[in-house]
Amino acid sequence: MRIDRASERGNAASWLLALLVIALLIGGWFWLQGKSGSPSNGEPPADDGPPSDEQDGPENGPADPDDEPAEPPALVDEDGRVFSYLPVGDLLPNSGPGLADDTVYRSDILFPTEDAVYLNSQVYRYGGMNGALNGMNGAQCDARNYDYPWQDTFCEKRDRNQPLCPGGGHEGLDIRPHTCAKNTHWAVAVEDARVIDVRRHWVTLQTEDGTLYNYLHLKMDALEVAEGDLVAKGDRIGMISDNFFKSDGTSVPTTTHLHFEMYENYVASPGDDPLFTKVNPYVTLVAAYDRKLRAE
Amino acid sequence: MGTGNERGDVMKFQIAGALCTLMIAGGSYAYAQTANRQNADALESELKNRALTRAAVDPAPVGEAAKETVESAVNWIEMRTALALTARREVAAQQTATRAVSRPPGMRAAPAETFKSVVVREVNLTRLPLLAPEGPRVAGTLKVYSLGDSYSATAEVEDGVSMRMSGSRRKIVVGERPAALARMRAMRAQEKPLASLETPYVVTRSDSSTDLSFSKFGAGYVLSLMCDDPADARCADDAFIVGLASNIMLLNPEAGGQ
Ligand SMILES: [Zn+2]
């Protein structure tokens, strides 16, 4: 019996050793895999200075002499970055159907921010609730959120179906300010308008043509406008922030961004009965940003 | 009963097992993170490759500009007819109701002077029928801002629900382009009749509001409800907003002359 016990103990020790070696090997292999090819997870971008231009997107540099004729130079922003954008209705994978509407509803509006900005998803990218769906785990200040190309978020998927966004639900565009610093970058009036509502976390403007503009998540206790004010195109409205309140003042967490909405009273032909609904402002904003970068 | 040595062996086994599990789990987590990063990086570079840029010189136009803005002729006669129709419905309802007097849906005159927070001058400036939904809290908190050819009325409706009703007699003509037409057709296909104004309406909803849109008297209108929680039945279901739109006040019944 004692001999049997001793051999049992010997066996157990060998098994232990073998298991440890296997675990070490497996763990080590995974660890090595984990180390190789993983870029550093972007941290908040520095608040000043243009970032280095290391993206593999469209660039403005000299063409290879062996290549086809050189591309014409592309429009750049105030930091010298090439402005690029995905087509309207081209949303992130797993984030809803989008709404491909290439209408420029207002041809002469000002862009709603003073600085260069990044239109992209607050929900399906780094720091968003559903970022993991596209492997975009990280924080909202991840440098990759503060970069071109812009991406449309109109009709981004939420939890209800509706006629304008079948299977979707986000009837606005999300605009990240120039940097991740909140209460720093200004939202401005896109047209001469009247401030017709200041409530909870939104400021609503209306123009003589009936167009409504909703600015959400500004710093509501430091607005530059009040209800009833007439504002001129370019007037500051407030600082882009993360304010999101219920009517009793309870705060709801969200990212630092400007949620921008636009309603139009529109028809296909002049004699038709109009539809007064939210519309996708994406192409209108691309056109306005284009004018802004050209200082037109 | 085991000996002390046996218990020691079992413990060693348990510790080794736990260590193995931890290491494999840790390794798997690191691997999953890497896989995620690689997916995200691949996606980011695919997006960058697909992105469009703008030429610095001689750029092509962006998108398709809306053609023009036109002004609708407001049908003031139709407005007065609608008021008269509601009055007739009320008389008929009172004659047929046996116990409680039922209140039929409709549009009723509610002159601006009757609301303490409404500035009458704003109402008088408005060159289209100025509509807002009825309601006890609405009546006490209603404000109107006018831009002449357009207006908005805002109010608290109930705890946790506020509203904005906007109207415009100017229309943006976007043209007969397939994408715009398809979208408009899809929305029209969802329309239902609004009994109060005898006109079709469509409801759309998003995280920020639930909107009921219709056209009447030549103008376009949208009633928006903003709920603290978009899942609140008052915003998530149509019944509440349709109920509000079923009893509409006309704040400028004298507008448009005789
Ligand atoms: Zn948004």
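Starting from 1, residues in each chain are numbered consecutively following that chain's sequence as written. Chains and ligands are labelled sequentially in the order written, the chains with letters from A and the ligands with numbers from 1. In view of the model being predicted, local features appear only for residues whose pLDDT reaches at least 70, and side-chain atom pairs are presented and counted only at 80 or more, with totals across whole chains, interfaces and linings using the full set of residues. To obtain the side-chain values, all non-hydrogen atoms of the structure were included, while hydrogens and water were left out.

A. Quick look at the coordination of the zinc ion. Residue and element names in this part refer to chain A. Every protein donor of the zinc ion is listed here as His170 (NE2), Asp174 (OD) and His259 (ND1), and their distances to the metal cover 2.0 to 2.1 Å. Counted as donors are N, O and S atoms no farther than 2.8 Å from the metal, or 3.2 Å for Na, K and Ca; water is not among the atoms, and sites may therefore look incomplete. If you list the donors of the zinc ion from N- to C-terminus, the spacing comes out as H-x3-D-x84-H. With His170 in the loop between β3 (118-119) and β4 (173-176) and His259 in strand β11 (residues 258-267), the pair connects residues that are 89 residues apart, well separated along the chain. Secondary structure elements follow DSSP: runs of H or I of four or more residues count as helices, runs of E of two or more count as strands, with numbering from the N terminus.

B. A look at helix α2 (residues 76-96) of chain B. Residue and element names in this part refer to chain B. If you check α2, its first and last C-alpha atoms are 31 Å apart, about what 21 residues at 1.5 Å a residue would give, namely 30 Å. Of the residues making up α2, those classed as buried are Trp76, Met79, Ala82, Leu83, Thr86 and Ala93. In a view along the axis of α2, the buried residues occupy a sector of 120°, so they form one face of it. In α2, those exposed residues whose orientation departs by more than 90 degrees from the buried face are Ile77, Arg88, Gln95 and Thr96. Should any heavy atoms of two residues lie within 4.5 Å, those residues are counted as being in contact. As for α2, its buried residues are in contact with β4 (106-109) and β14 (247-250). Here α2 starts with a cap whose side-chain oxygen sits 3.4 Å from the backbone nitrogen of Ile77, and that cap is Asn75. Every helix has an expected span of 1.5 Å times one less than the residues it contains. Residue burial is assigned from relative accessible area. The probe radius is 1.4 Å, only protein chains are included, and a residue is buried under 20% of its type maximum, exposed over 50%, and partly exposed in between. This arc is built from the directions going out from the helix axis to the C-beta atoms. The term polar contact refers here to a pair of N or O atoms within 3.5 Å; inside protein, the definition further demands a hydrogen-donor-capable atom paired with an acceptor-capable atom, and it admits residues adjacent in sequence only when both atoms are side-chain atoms.

C. View of the sheet that holds β14 of chain B. All names here are of chain B. The three strands lie next to each other as β4-β14-β5, forming an open sheet whose pairing is mixed. Single-partner strands in this sheet number two, and they are β4 and β5 (131-133). If you compare each strand with its neighbour and ignore which way they point, the axes differ by 35° on average. Of the pairings in the sheet, the one linking β4 to β14 comprises four bridges and is parallel in character. Opposite Gly106, over in β14, you have Asn247 as the bridge partner. Each axis is a line fitted through C-alpha atoms, taken for helices only over the stretch in contact, and angles between the N-to-C directions span 0 to 180 degrees. Those strands touched by α2 are β4 and β14, and its axis lies near 105° from that of β4. Here, a strand pair is defined by DSSP locating no fewer than two bridges between the strands.

D. Spatial organisation of a nonpolar patch on the surface. Residue and element names in this part refer to chain B. Note that patches include only residues with greater than 30% relative accessible area and no salt bridge, and the join distances are 9 Å for like charges and 5 Å for nonpolar side chains (Val, Leu, Ile, Met, Phe, Trp, Tyr). Note on areas: these come from Shrake-Rupley sampling with a 1.4 Å probe, and a residue is covered only by the protein chains present in the view. For this document, the term salt bridge refers to a Lys or Arg side-chain nitrogen within 4 Å of an Asp or Glu carboxyl oxygen. Among the surface-exposed residues, Met11, Ile15 and Leu19 lie close enough to one another that they form a single nonpolar patch of about 280 Å² accessible area. Looking at the element boundaries, Ile15 is found in helix α1 (residues 4-50). The class for Ile15 is partly exposed, based on a relative accessible area of 49%.

E. Spotlight on the side chain of Thr199 of chain B. Residue and element names in this part refer to chain B. By the element assignment, Thr199 lies in strand β11 (residues 199-205). From its side chain, Thr199 meets the backbone oxygen of Ser215 in a polar contact 2.7 Å long. When neighbours within four sequence positions are excluded, Thr199 is seen to be in contact with Lys192, Pro193, Leu194, Phe214, Ser215 and Lys216.

F. Geometry of the nonpolar core. Of all hydrophobic cores here, the largest spans 63 residues; its most connected members are Trp150, Leu205, Tyr215 and Leu218 of chain A. Elements represented by at least two residues in this core include exactly β3, β4, β6 (193-199), β7 (202-206), β8 (212-216), β11 and α2 (282-293) of chain A together with α5 (178-188) of chain B. Counting residues per element, this core draws most heavily on α2 of chain A, which supplies eight residues. Look past the residues within four positions of Leu205 of chain A in its chain and what remains in contact with it is Ala189, Ala193, Arg194, Val195, Ile196, Thr211, Leu212, Tyr213, Tyr215, Val231 and Ile237 of chain A. If you look at the next biggest cluster of nonpolar residues, it comprises 47 residues, including Leu83, Met163, Ala219 and Cys235 of chain B. Only buried residues count toward a nonpolar core. Its members are Ala, Val, Leu, Ile, Met, Phe, Trp, Tyr and Cys residues joined through side-chain atoms within 4.5 Å.

G. Looking closely at the confidence of the model for chain B. Per-residue confidence from the predictor is reported as pLDDT, which spans 0 to 100. Per-residue confidence for chain B gives a mean pLDDT of 89, with 86% of residues at or over 70. Confidence estimates for the predicted assembly give a pTM of 0.83 and an ipTM of 0.88.

H. Up close: the layout of surface pockets. Taken as a whole, the largest pocket spans an internal volume of roughly 950 Å³. In terms of lining residues, the largest pocket is bounded by 42 residues, among which Val123, Arg158, Phe244 and Thr254 of chain A together with Asp207 of chain B are the most central. For the lining of the largest pocket, the elements supplying multiple residues, two or more each, are β8 and β11 of chain A together with β13 (219-227) of chain B. Here the element with the most residues in the lining of the largest pocket is β11 of chain A; it accounts for three residues. Polar here means any residue outside two lists: the nonpolar Ala, Val, Leu, Ile, Met, Phe, Trp, Tyr, Cys and Pro, and the charged Asp, Glu, Lys and Arg; Gly therefore counts as polar. For the lining of the largest pocket, the class distribution of residues is 13 nonpolar, 16 polar and 13 charged. Buriedness for pockets is judged along seven lines, at least five of which must meet protein on both sides within 12 Å for an open set on the 1 Å grid over protein atoms alone, while cavities are sets there where a 1.4 Å probe fits but cannot get out, and lining residues have an atom within 4 Å of a point. Grid points are joined across faces, edges and corners, and a volume is the space filled by probe spheres set on the points.

I. Examining the state of the cysteines more closely. Whenever a pair of cysteine sulfur atoms sits within 2.5 Å, that pair is classed as a disulfide. Summed over all chains, the structure comprises two disulfides over all chains. Shown here is the disulfide that connects Cys141 of chain A with Cys180 of chain A, its sulfur atoms set 1.9 Å apart. Between Cys141 of chain A and Cys180 of chain A the disulfide shows an S-S torsion of about -65°. By sign, it is left-handed. One end of the pair, Cys141 of chain A, is in the loop between β3 and β4; the other, Cys180 of chain A, is in the loop between β4 and β5 (186-188), with 39 residues separating them in the sequence. Overall, the relative accessible area of 12% leaves Cys180 of chain A in the buried class. Here Cys227 of chain B pairs with Cys235 of chain B through a disulfide, and the sulfurs are 2.1 Å apart. Across the disulfide from Cys227 of chain B to Cys235 of chain B, rotation about the S-S bond amounts to roughly 90°, and the bridge is consequently right-handed.

J. Up close: the confidence of the model for chain A. Residues and elements named next belong to chain A. Residues of chain A with pLDDT of at least 70 account for 74%, and the chain-wide mean is 83. Note that pLDDT drops below 50 for residues 1-6; the model gives that stretch two contacts with residues more than four away or on any other chain. In this model residues 30-63 is a low-confidence stretch, pLDDT under 50, and it forms 52 contacts with partners more than four residues away in sequence or in other chains.

K. Here's a closer look at the pairing of β7 of chain A. Residues and elements named next belong to chain A. Counting buried positions over the five residues of β7 gives five, a clear majority of the element. Burial of the side chains of β7 extends over both faces: Trp202, Thr204 and Gln206 are buried on one face and Val203 and Leu205 on the other. With five bridges connecting them, β6 and β7 associate as antiparallel partners. If you follow Asp197 over to β7, its bridge partner there is Thr204. Between β6 and β7, which pair antiparallel in sequence order, lie two residues; one of them, Arg200, sits at a positive phi of approximately 40°. Here β7 pairs with β8 via five bridges, running antiparallel. Following the sheet pairing, Thr204 is matched in β8 by Asn214.

L. Region of interest: the sheet that holds strand β10 (residues 192-194) of chain B. Residues and elements named next belong to chain B. Pairing is antiparallel in the open sheet, where seven strands are placed in the order β6-β7-β8-β13-β12-β11-β10. Of all strands in the sheet, those bounded by a partner on one side alone are β6 (143-146) and β10. Mean inter-strand twist for the sheet, computed between neighbouring axes without regard to direction, equals 25°. The sheet contacts of helix α7 (residues 238-245) involve β7 (150-158), β8 (161-168), β10, β11, β12 (210-216) and β13, and relative to β13 the element is tilted by about 135°.

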